[in-house]
There are 2 protein chains.
Amino acid sequence: MVIRWLFQSTELQLRLTKHTDYSLRLLMYLAIKPDELQTIKDLSGRFNVSRNHLMKIVNKLVILGYIDSVRGRNGGLRLAKPKDSIRVSAVVEDMEPTLELVDCEADGGCPYYPSCKLKLALQDASKAFLEFLDGVTLADLVVNDKQLVKLVG
Amino acid sequence: MVIRWLFQSTELQLRLTKHTDYSLRLLMYLAIKPDELQTIKDLSGRFNVSRNHLMKIVNKLVILGYIDSVRGRNGGLRLAKPKDSIRVSAVVEDMEPTLELVDCEADGGCPYYPSCKLKLALQDASKAFLEFLDGVTLADLVVNDKQLVKLVG
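Let us look at the structure shown here. Given the structure is predicted, the values throughout are model-derived calculations rather than measurements.

Overview of the pairing of strand β1 (residues 67–70) of chain A
Residues and elements named next belong to chain A. Sheet topology places β1 next to strand β2 (residues 76–79); 4 bridges connect them, and they run antiparallel. Paired with isoleucine 67 across the two strands is leucine 79, which belongs to β2. Hairpin connection between β1 and β2: a loop of 5 residues separates the two successive antiparallel strands, and glycine 72 in this loop has a positive phi of roughly 105°.

Focus on the pattern of salt bridges
In this structure the tally under the stated criterion is 12 salt bridges over all chains. Where lysine 119 of chain A meets glutamate 100 of chain A, a salt bridge forms, and the shortest distance between an N and an O atom there is 3.5 Å. A residue pair is termed long-range when its members are at least 10 positions apart, and lysine 119 of chain A in helix α6 (residues 117–134) and glutamate 100 of chain A in the loop between α5 (88–95) and α6 qualify at 19 residues. The salt bridge involving aspartate 21 of chain B is made with arginine 25 of chain B; its shortest N-O contact spans 3.0 Å.

Let's talk about the relation of the copies chain B and chain A
Superposition of chain B onto chain A requires a rotation of 180° combined with a translation of 0.0 Å along the rotation axis, giving an RMSD of 0.0 Å. Within this description, the copies of the chain are treated as partners about a two-fold rotation axis. Here 98% of the interface residues in chain B have copies in chain A that are interface residues too; the copies meet face to matching face.

Here we look at the interface of chain B and chain A
Between chain B and chain A, the contact holds 66 residues from the first and 67 residues from the second. Summed over both partners, the interface of chain B with chain A comes to about 6100 Å²; 66% of that surface belongs to carbon and sulfur atoms. Where chain B touches chain A, the interface holds 0 salt bridges. Between the two partners, chain B and chain A, sit 12 residue pairs in polar contact (both at pLDDT 80 or more). Counting residues per element, the side of chain B that touches chain A draws most heavily on helix α6 (residues 117–134) of chain B, at 11 residues. By residue class, the composition of the side of chain B that touches chain A is 39 nonpolar, 13 polar and 14 charged.

Basis of the calculations
Residues numbered from 1 in each chain as written. Chains lettered and ligands numbered in written order. Predicted model: local features only at pLDDT ≥ 70, side-chain atom pairs only at ≥ 80, totals over all residues. Heavy atoms only, no water. Pairing = 2+ DSSP bridges. Helix = DSSP H or I, 4+ residues; strand = E, 2+ residues; numbered from the N terminus. Salt bridge = Lys/Arg side-chain N within 4 Å of Asp/Glu carboxyl O. Least-squares fit on C-alpha atoms with pLDDT ≥ 70 in both. Contact = heavy atoms within 4.5 Å. Buried area = accessible area lost by both parts, 1.4 Å probe. Polar contact = N/O pair within 3.5 Å; in protein donor to acceptor, adjacent residues only side chain to side chain. Nonpolar A, V, L, I, M, F, W, Y, C, P; charged D, E, K, R; others polar.

Here it is, written out as structure tokens:
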């Protein structure tokens, strides 16, 4: 029963993972507050995400060079590079575990493999998706930064 | 514990739903076997999907006018229109419950709502994705139909 439910839960929709979604929201937050260091505790409250989950995301963003983690008592997080140099496509590619929209190996393997043109068509469509996001930087996402600061407090 | 696991299971990847994936595989199958009527029983075995699951997909494809269901003892399923008139983008749009790649209402609501430019950027990127698939028809997916027939038997 649980298994069945799990199976259905993975079917709900075509969505970015929460990892990618929160990475982008977090980077946006650091971009609209460039003069402050942010703590995990504060961010966790602001985005209503567990510290544990946020920590995993932050660790990855630090390793990937998007975020600097300043140690010490008054330490915290800040962007590691200018907001106009962070492309949304790069964050999506770095954080999504895969951009393969179909799984040829699921349910015992698809009988069309390896001659299937569907997979190729979807790969090309995903490229078009990323190419669009190549032209969007973190700076574009927070162009209305005063309004965002007001919203997040 | 189950809840936690469920939560993680939805995070695995950016994927088309199984509904969409199997809709496309099914339509491809009907396209490479234009002179036969296919039964749910046979298709279920071929794609290793439960009859129950397949039935739901087929019902939707019939209602949407992609498939004809011929009743009676020797009845079965066939394409309801020419394969070169079925655009992959249309099937994806018809079968995916949403093409919104982020959920602004999850986890108590995103603080950036409604001033967020991320959602708009992702909507435009999804449009680019679908526009690519506008140019791909079911006929393009089965252009190597002899090879596919050999693979599926």
